[in-house]
There are 2 protein chains.
Amino acid sequence: MNAQNIVVQKFGGSSVANLDCMKQVLRNVQKPLADGKKVIVVLSAMSGETNRLLGLVKQWSSTPDLAEVDSLVSTGEQVSIALFTMLLKDAGVKARSFLGFQIPIITDDFFSSARILRIDNKKIFKALETYDVLVVAGFQGCTEDGRITTLGRGGSDTSAVAIAAAINAEVCDIFTDVSGVYTTDPNITRKARKLDTVSYDEMLEMASMGAKVLQIRSVEFAKKYNVIIHVRSTFSDEQGTIVSQEDSQMESILVSGIAYDKDQARITLSHVPDKPGISAAIFTPIAEQGLLVDMIVQNLTETEFTDVTFTVPRSDVEKTLEILTSLKSTLEYQDLRSDANVCKVSIIGVGMRNHSGVAAKAFLALSDENINILMISTSEIKITCLIEDKYGELAVRTLHDTFKLDEMSYSNK
Amino acid sequence: MNAQNIVVQKFGGSSVANLDCMKQVLRNVQKPLADGKKVIVVLSAMSGETNRLLGLVKQWSSTPDLAEVDSLVSTGEQVSIALFTMLLKDAGVKARSFLGFQIPIITDDFFSSARILRIDNKKIFKALETYDVLVVAGFQGCTEDGRITTLGRGGSDTSAVAIAAAINAEVCDIFTDVSGVYTTDPNITRKARKLDTVSYDEMLEMASMGAKVLQIRSVEFAKKYNVIIHVRSTFSDEQGTIVSQEDSQMESILVSGIAYDKDQARITLSHVPDKPGISAAIFTPIAEQGLLVDMIVQNLTETEFTDVTFTVPRSDVEKTLEILTSLKSTLEYQDLRSDANVCKVSIIGVGMRNHSGVAAKAFLALSDENINILMISTSEIKITCLIEDKYGELAVRTLHDTFKLDEMSYSNK
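Residues numbered from 1 in each chain as written. Chains lettered and ligands numbered in written order. Predicted model: local features only at pLDDT ≥ 70, side-chain atom pairs only at ≥ 80, totals over all residues.

(A) Representation of the packing of helix 2 (residues 49-60) of chain A against helix 3 (residues 66-73) of chain A. All names here are of chain A. With their axes 10 Å apart at the nearest point, helix 2 and helix 3 run at an angle of 145 degrees to one another. Remark: the crossing between helix 2 and helix 3 carries right-handed chirality. Residues Thr 50, Leu 53, Leu 54 and Val 57 of helix 2 pack against Val 69, Leu 72 and Val 73 of helix 3. For the contact of helix 2 with helix 3, the class distribution of residues is six nonpolar, one polar and no charged. (Axes fitted to C-alpha atoms, helices over the stretch in contact; angles between N-to-C directions. Helix = DSSP H or I, 4+ residues; strand = E, 2+ residues; numbered from the N terminus. Left-handed = near helix turned anticlockwise from the far one by under 90°. Contact = placed C-beta atoms within 7 Å. Nonpolar A, V, L, I, M, F, W, Y, C, P; charged D, E, K, R; others polar.)

Here it is as structure tokens:
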């Protein structure tokens, strides 16, 4: 079987929400079939189903066994692949469904956030001799000894990319309810423009910043195995966005997009004695509780004291404050404060690593709108500003305009 | 692991219908645990769930692929075992769930009505070294190459008995929403009495006659492997009914119970030429469509012609009539009639094989109530009468009284 003749297509929960949606998916699958290709279809659970199942878990246990949770929630995909395969067979297509353990997609045993270790492509190639379409359950795998695991929220994207990598497919089509990756959230500015191409690195920064088109791990996977992702709409034939290695053309684009994340809260420890190891003493206990700290800024206030400010997701504020309160005598800080009325706005672009001036231009633009910047952090391809919540949308629109992202140009300097 | 220290308990859909029911199941599981035993719990899907899933199938396809149906409906048990295992773990019990493929329970590939070929007890014994309770999905198994199968309606009983047989357990507890097997349906006569014991053969006749306490195949399985079944209530501690080989004590009981089946219709082909092979010509095409013919009576009306009467489940009447209409020119019958206003009443007892007079006594009792018998069929341990529907309950009460089934006696002659 030549991998060039196999197409991998992934459809999310909203694309398989009901019979009518699945019929649209069927039409998308039939296109490559008509061209004589074989298709591997990776499906999510019908939208709402995973939440319904997690709701049951919540009723039954406050500290559920994660292996049991995985076995339970994996039924969502089990239902959608069976139903879709029925549709295919009714349409006269030779097809069968595959659960994670049937391929198998072997993962580690970190239940509920398992990582794929390997995928056996032998059974896939063998099945493609008999069937024209394989319908594979996304989001799930199994451990070496056959216990069901799940890959974490949005894990179906990773399933699809991993299968594309395993069979050496050139492209993995990710069908979704939007038509591609945009320069920013179209709900914030109508000037948002669909990108034709975006690099893995830019996509990683965008995904982690709340542009929720692709699961971040799927992009890491694609980058590692050099799988080209085509993000496109289930409900139109329009060309979407190609996510791939950056090329020289991309390099000349300074800024590709503006990301926006409202789910942020700021925590400040003031007047902390500036001893060696103080940062470790603060952040190790927080990390041990599985809390994700994002931006960290440390200011020296006096010679012997420092202020430490960082951000966490809003849902983790209480837990973080609890931990830090219990450490007051060890850390010897004077004051502990939190503020949930903040948001993050980021400017992303592989081009900025070779150009100066992007940051200055951004800060000036925000200042012209009287938007005060609370924290700044930068990476090679990203500049992030923490600002007051209420200015979030204005900041996105301002930066989108400043870097002329609505214009299709190869240099928006 | 000594099999005498392992208890097998099966709980049906109404016993796991919701959190409160499952807590009652938990209490039942904790009793043998407190005695230092290990427990294998076999669960059905939460009541209503299998029908909900089959409803989805119906929406999606009129001729669904049965392998896909099985993968889909097996999720019902997958959900209930995960939820119940969470309860066990919250109660501090070392427990894990097992799906059919994880044991594995190997079946043939007759999807939706698969038969168990073998169960590997090695993994069960090994798991019992680590866990005190294994929670096993009923109703499901897998083929040699790992496709999910289901065992047909009520298949969880068969799962439980098969596991008890595989580990050589002495007793398989089948917990249900009634407290045991009764001499007849307590909804028809309040004189119905719970039986302390009943033989496999009697239970088989009762089950097939609509006393729906146990799936008939589970009783066949239990008989074949000599597994004693204890049918009892989830919601009380009362001793239930033991289903086992008949013993000499049982032999002396003439009649054990009266079964009743309303789901019957009678079909008559009149004035059929009485040629060799005519019965085969009638019943082969019906059997080929998967229709279950039960009672068959053939009367010679004239020298060269015969009337053939038989019964089918009411839901199969239309299909049966269609088949026979299409065969009119081959069969050369004069008339085709059907009557759905009939029901079957049966007298069951292993004792009657050594006694005459049971049939005569039954016919006399019915005649005293002016109940006309439309058809009769007999086996070694059963006498079945087809009567008019409206007399069904009266016939059951009459026969129950005639054979004094409300009295606890060893000879009800």
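(B) A look at unusual backbone geometry. Residue Pro104(A) is reached from Ile103(A) by a cis peptide bond, and omega for that bond is -15 degrees. You can see Pro104(A) is positioned in the loop between strand 3 (95-98) and strand 4 (105-107). Non-glycine residue His271(A) carries a positive phi angle of around 60 degrees. Secondary-structure assignment places His271(A) in strand 13 (residues 257-273). With phi around 55 degrees, Glu332(B) is a residue other than glycine that occupies positive phi space. By secondary structure assignment, the location of Glu332(B) is in the loop between helix 12 (328-331) and strand 16 (335-348). Looking at Glu332(B), the number of C-beta atoms within 10 Å reads 14, which means it is partly exposed. (Buried ≥ 20, exposed ≤ 12 C-beta atoms within 10 Å, placed from the backbone.)

(C) Seen up close, the relation of the copies chain B and chain A. Take chain B, turn it by 180 degrees, move it 0.1 Å along the axis, and it overlays chain A with an RMSD of 0.1 Å. Such a combination of rotation and displacement between the chain copies is what one expects of a two-fold axis. By C-alpha distance to the rotation axis, the residue of chain B lying nearest is Thr75(B), at 2.8 Å. When the interface residues of chain B are mapped onto chain A, 100% of them are again interface residues, pointing to one common binding face. (Least-squares fit on C-alpha atoms with pLDDT ≥ 70 in both.)

(D) Seen up close, helix 1 (residues 19-34) of chain B. Residues and elements named next belong to chain B. Between the first and last C-alpha of helix 1 there are 22 Å, a value that for 16 residues agrees with the 22 Å anticipated at 1.5 Å per step. Buried within helix 1 we find Met 22, Val 25, Asn 28 and Val 29. For helix 1, the arc enclosing every buried residue in end-on projection is 110 degrees, short of the 170-degree limit, so these residues lie on one face. In helix 1, the exposed positions angled more than 90 degrees off the buried face are occupied by Asp 20, Lys 23, Arg 27 and Ala 34. Against strand 1 (6-11), strand 2 (38-43), helix 4 (75-90), strand 6 (133-137) and strand 9 (171-176) lie the buried residues of helix 1. At the C-terminal side of helix 1, Gly 36 shows a positive phi close to 80 degrees. (Expected span 1.5 Å × (residues − 1). Arc of directions from axis to C-beta.)

(E) Broad picture of the environment of Val272(A). All names here are of chain A. Counting through the fold element by element, Val 272 comes out in strand 13. A C-alpha to C-alpha distance of 43 Å links Val 272 and Glu 68, two positions 204 residues apart in sequence. What Val 272 contacts, discounting residues up to four positions off in sequence, is Ile 278, Phe 305, Thr 306, Val 308, Leu 331, Glu 332 and Tyr 333.

(F) Molecular detail of the interface of chain B and chain A. Each partner contributes residues to the interface: chain B has 24 residues there, and chain A has 24 residues. For the side of chain B that touches chain A, the secondary structure elements donating two or more residues are helix 2 (49-60), helix 3 (66-73) and helix 4 of chain B. Per-element tally for the side of chain B that touches chain A: the top contributor is helix 4 of chain B, with 10 residues. Along the lines of polarity and charge, the residues of the side of chain B that touches chain A split into 11 nonpolar, nine polar and four charged.

(G) Structural view of the domain arrangement of chain A. For chain A, the assigned domains are domain 1 (3-177) and domain 2 (258-402). Distance from the C-alpha centre of domain 1 of chain A to the C-alpha centre of domain 2 of chain A: 37 Å. (Domains from an automatic or database assignment.)

(H) Focus on the confidence of the model for chain A. A residue-level look at chain A finds 95% of positions with pLDDT of 70 or above and a mean pLDDT of 90. Complex prediction metrics read pTM 0.84 and ipTM 0.82. (pLDDT = per-residue confidence, 0-100.)

(I) Seen up close, the environment of Leu291(A). Residues and elements named next belong to chain A. Note that Leu 291 resides in the loop between helix 10 (278-288) and strand 14 (296-300). We classify Leu 291 as partly exposed; it has 17 C-beta atoms within 10 Å. Sequence separation between Leu 291 and Asn 341 is 50 residues, and the spatial gap between their C-alpha atoms is 19 Å. With sequence-adjacent residues up to four places away left out, Leu 291 is seen in contact with Ile 286, Val 312, Asp 316, Lys 319 and Thr 320.

(J) Highlighting the sheet that holds strand 11 (residues 228-233) of chain A. Residue and element names in this part refer to chain A. Strand order in the open sheet made by the eight strands is 3-6-2-1-9-11-12-10, with mixed pairing throughout. On the outer flanks of this sheet lie strand 3 and strand 10 (197-199), each paired with one strand and no other. This sheet shows a mean twist of 20 degrees between the axes of neighbouring strands, independent of strand direction. With three bridges connecting them, strand 10 and strand 12 (residues 241-244) associate as parallel partners. For Val 198, the partnering residue across the bridge sits in strand 12 and is Val 243. (Pairing = 2+ DSSP bridges.)

(K) Broad picture of the packing of helix 1 of chain B against helix 4 of chain B. Residues and elements named next belong to chain B. At a closest axis distance of 10 Å, the pairing of helix 1 and helix 4 adopts a crossing angle of 60 degrees. With respect to helix 4, the element helix 1 is oriented oblique. Of the two possible hands of crossing, helix 1 and helix 4 adopt the one that is right-handed. In this structure, helix 1 uses Met 22, Val 25 and Leu 26 to contact helix 4, whose residues at the interface are Leu 83, Phe 84, Leu 87 and Leu 88. A breakdown of the residues in the contact of helix 1 with helix 4 according to their chemical character gives seven nonpolar, no polar and no charged. (Parallel < 35°, antiparallel > 145°, perpendicular 65-115°, else oblique.)

(L) Fine view of the environment of Leu336(B). All names here are of chain B. Within the secondary structure, Leu 336 sits in strand 16. Between the C-alpha atoms of Leu 336 and Gln 4, which are 332 residues apart in sequence, the distance is 58 Å. Sequence-distant contacts of Leu 336, that is, excluding residues within four places in its chain, are made with Leu 269, Leu 321, Leu 324 and Thr 325.

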